[in-house]
Structure formats: C-alpha cells, structure tokens
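Close look at the chain arrangement
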Amino acid sequence: MEEAPIISFKHVNKIYSNGTVGLKDINFEIPQGQFLVVVGLSGAGKSTLLRTINRMHEITSGEIKIDGEPIQTYKGQALRLLRRKIGMIFQGFNLVNRSSVERNVLSGRVSYYPTWKTLCGLFTQADREMAVRSLQRVNLADKLYTRADELSGGQQQRVAIARTLMQEPKIILADEPVASLDPLTTKAVMDTLQRLNREDNITVIVNLHSVPLARQYADRIIGLQAGQLVYDRPISEVTEADLNDIYVTEAVQA
Amino acid sequence: MSIPEVPRRSWIQRWHVKGIAVTGLLLVLLVASSRMTGVDVGMFFSNFGQFLNLLVRMSHPAWEYTNVIVQPLLETIQMAILGTTIGAALAVPFAILSASNLIHNRFLRGLTRLFLDLVRTLPDLLLAAIFVAVFGIGSTAGVVTLAIFSFGMVSKLFYEVIETIDMGSLEALTSVGASKVTIIWYAVLPQILNQFVSYFLYTLEINVRASTVLGYLGAGGIGVFLQRSLNEFNYSQTAVIILATLAVVLVIDGISNHLRRVLL
C-alpha cells in the first residue's frame, strides 16, 4: 500500500479579482519527503501555486489537502497552526532588516507561544539554544548578534532558512530562493535545502527559473504554463528537451 | 538609413498639455484667491517701518529677566514632554488602525481616520480655552491640550510612515503562523521606530512653541510671561523669552539629530 501524500491538489482553480486566471484545474499529489521543483516562465503561476499551500493566497475552487485534511476552512488559530508546519523562503529573504539575526531566527518560533509572551520576548532557554543550533546548520552561528541588513544576500537567505527551521516544519516552500543570488551562494542555499530534505525528511517545494538547477536538485519536476500543469515527471524521466519545451512553447505563443 | 521605429505620442503628451494646464490653473487660483481675500502686499512693505521699530526695541534684551523665566520655561518643557508623550503613546494604536497596508477593513480604517481628522480639526487654542474652563488656570489644562493636539498630528505622521514600510517581513511572519499583534511587534515596529522617535521629537519641538501661545489662555508655562511682557510693551523682556525658547528648540533639535544618527 502506498503512503498517503502529504499534499494533494484536486481541481484547484484560482481566478484573481481582476479576472486574471492564476491557476487552472491543478491536480497532483506530493509524497512526504519529496524534493519537488516547479518550473515555468514568470507569471505562469508558480508563486501562486506555492502560496495556496500555506493559504497566503486563497483559491477560487477545488480542494487542497495537507496530511489528508482539507485546509480551505481553517481560520484563526487553526490556520496559524497549519502555517507553523509549513516553512516559507522568499526571493527577497524577507528578514526584518533592522533587527538582529537572533531576533529574526527566534521570530520563526513565535507560533509556539501565546501572543503576550512573544511581545515580552519570553523565549525559553531551550528555544534560544535551538536558534543557535539552527544557525549552526546554515553555518552562521557567529552572526547571532549581527544586524540582518549587515549580512550579504546569501547569508540573509540562510538566516531565513534558520528562521524556517525554528518552526520545525514538515514542508518547506521556497519561492525563487536563489533568483537574486550569485552562483556560489546559490549552491550554498540549494545545498542547505537538499540537506534538510535528506536529513530531516522535510518535503521541499522550490520554484526555480534555472533548468540546470532544477535537474541537479529535484526528485521530480513539474511545469506550469499560464496557470496550467503541463509537465510532471520524476527526475529519472526528465529530458533536457522536455524542459526547453516548457519555456519555448510559451515563448513562441507569446 | 531608416530611423528605428519608436512608439508615437499624441500631441497632448508631446507638448505636456496636462502639466502646463494644471500649473496655469493653480496660478489663476492663487491670484484669484488673493484678490478675493483682499490681501494687500503693498501694506506689508509700507508698514515695514513699524516692524523694524519693534525689532529695535527688542534688540536690548533685559538679561536680568532670565532668572525670572527659568522656572516657567522648565514648566513649559515639562508640559510639552508630558503632553507629547501621552499624545504619541495614544497615537500608536490609532496609527496602526489607520494604515491601509495593515488594516484591510475599509470601514474600520475610514472610521478611525474620520475620528483623527476630527481631532486635528479642533484648533489648539480652542482646546486650551475649553480645558482651562474645565481644569481651571494652570498647567493641567496645558498638558491635556498638548496631548490631544499631538495625538492628532502624530497619528497622521505615524500612519503615513507605516504605509511606507517593506511588506516582505510581514509576509514572512504571516507564513510562520504569527498572530496579527505579533506580526506588528516583530515586523512593523522595528521598521518604524526611528521615524517614530524623530516625529516624536519634532512634535515636542512644536509643542514647546505652541505652549508659549497656550499660556495666553492661562494654560501655564512661559506663555503667561510672554503675554505679560507684551501687554506691558516691555519688549526687552519679550526678547529674552523668545531667545530662551529658541535655545530650548535648538537643544531639542540637536537631540533629535543625534538620536536619528544613532538609531538609523
């Protein structure tokens, strides 16, 4: 018997209020522990797809299940608990620039505390040590008290990963995590994601523009075109020509 | 050789018709409004002599008067600090409720903004007159007036600051599963703190000056002495009061500049 998927999309549609189609009849499942890469041109719906998983974007119709539970009805505390088990990494890092690295990393833990404790900064000793360990995993423990905006882009992205680790997530969503990084730091960030995927069995979903990167890291690649799922293969069956098609056919149409 | 094809602009765009029309309209309005209100610029120049006369009489400050005004000047500063602090503290929640990037409920935001507009509409002199009637002559009336006056001003400045912040870190905190209040505390406040301090000090400076006027109505502080000296045509004393107030404003300005550098 096959294990139940951690995420499943059934007939998911998303139409923006201005009429733009974001997602069109998306159907697929993601098993626990997969490293999934989503490719497609800008505006194909990759970011939208990612953000529907943690309800940063609402869908218009269809059903998304996580751990077998439909997530569309979640509100308030239930929604926050859903988001807690889904880490997210952004193209622009999205750290609080003027705060220290420690505070940024600890902010990944706030959903484990009642609001008043987060306001007083009453984190347990264990969680403060956890913040240091998270930074050690991304090789930045020596920057604990540095201000976030004093770090380079690659370092900031690794701090963002450390923040995500504080959530103890089952899933990590990464929206173009390396789009604004140079090749060397790109490798550092992608390697970190791969390590978390393999060592902690975290399901990782990454939006990428780069076909070589996708082939290097993915267990499976899906392709989006104008909001539709046009490609879905395990990495062993992916050919260079397929991936070029995802980009080229649309470019020709446009 | 052919010229490469570029997009065509209509003649309205090419001759900047809109910009010129708006500028022209504003000029017409300016001239018309000065006509209608009967402002006589000539009078400013023809009566300039009287102004100079005043300046000359103020040019011999009665330095020995300084001792008398130290105490009321300190009281003015205390009033300003107290009033600004109370007003600014109250302004923070209202500024958050008015910021369009934090509160998506239009009705709530509109209601808060309407309330703030109302508060700002009330002139400080009117407030002072009311509170002197309520609390009697003295600095309590001054503090309450300044608190309300600062509240109205600061909350508008604050929410405009909040609307310029980077929303990325808010998105990150939302994705972490943080509650709304936690998001504001962790992602919004660090981004606006230094601007808050700067606007707070700016308001404090304004309040020091405003409280000199409020003294006219019996709201305490240096204003009482300013009014007395003017009533007695004792311009050498007036000069001392103005110079002393200037000194206070300069000090606050210096502190403000320093803090901005440190906090930025």
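The shown structure was predicted, so the numbers you read here are calculated from the model rather than taken from an experiment.

Let us now look at helix α1 (residues 46-53) of chain A. For α1 of chain A, the buried fraction is high: 7 of the 8 residues fall into the buried class. Among the residues of α1 of chain A, Lys-46, Thr-48, Leu-49, Leu-50, Arg-51, Thr-52 and Ile-53 of chain A are the ones counted as buried.

Mapped onto this structure's residue numbering, the UniProt feature "transmembrane region" (unreviewed entry) falls at residues 80-104, 125-149, 183-201, 213-230 and 236-255 of chain B. Structurally, residues 213-230 of chain B comprises 61% helix and 0% strand, and the distance from its first C-alpha atom to its last is 12 Å.

Residue and element names in this part refer to chain B. Helix α9 (residues 168-176) sits mainly inside the fold: 7 of its 9 residues count as buried. Within α9 the residues assigned to the buried category are Gly-168, Ser-169, Leu-170, Ala-172, Leu-173, Ser-175 and Val-176. Taken from the residues just after α9, Gly-177 is the one with a positive phi, measuring 100 degrees.

Quick look at the nonpolar core now. The biggest cluster of nonpolar side chains holds 78 residues, and the ones touching the most others in it are Leu-135, Leu-193 and Ile-221 of chain A together with Leu-102 and Ile-162 of chain B. Among all residues touching Leu-135 of chain A, those that are not within four sequence positions of it are Val-101, Val-105, Leu-140, Ala-141, Leu-144, Val-159 and Ala-162 of chain A. Ranked by size, the runner-up nonpolar core spans 30 residues in total, among them Ile-7, Ile-86, Met-88 and Ile-222 of chain A.

Side chains that carry opposite charge are capable of pairing whenever their charged atoms lie near each other. Residue and element names in this part refer to chain A. Under the criterion given, the structure shown has 20 salt bridges over all chains. With a shortest N-O distance of 3.2 Å, Asp-67 and Lys-85 are connected by a salt bridge. One end of the pair, Asp-67, is in the loop between β4 (61-66) and β5 (69-70); the other, Lys-85, is in the loop between α2 (76-84) and β6 (86-89), and 18 residues separate them in sequence. For Asp-67, a relative accessible area of 33% translates into the label partly exposed. Exposure remark for Lys-85: the relative accessible area of 26% places this residue in the partly exposed category.

What follows deals with the interface of chain A and chain B. Taken together, the contact pairs 27 residues of chain A with 21 residues of chain B. A combined buried area of about 2100 Å² lies between chain A and chain B, and 58% of that area is made up of carbon and sulfur atoms. On the chain A side of the interface with chain B, the three residues burying the most area are Val-96, Arg-98 and Leu-119 of chain A, jointly 28% of the side's total. In this structure, the connection of chain A to chain B is made through 1 salt bridge.

The rules behind the values
Residues numbered from 1 in each chain as written. Chains lettered and ligands numbered in written order. Predicted model: local features only at pLDDT ≥ 70, side-chain atom pairs only at ≥ 80, totals over all residues. Heavy atoms only, no water. Buried < 20%, exposed > 50% of the residue type's maximum accessible area, 1.4 Å probe, protein only. Helix = DSSP H or I, 4+ residues; strand = E, 2+ residues; numbered from the N terminus. UniProt positions renumbered as here; feature names shortened; annotations may be inferred. Core = buried A, V, L, I, M, F, W, Y, C linked by side-chain atoms within 4.5 Å. Contact = heavy atoms within 4.5 Å. Salt bridge = Lys/Arg side-chain N within 4 Å of Asp/Glu carboxyl O. Buried area = accessible area lost by both parts, 1.4 Å probe.

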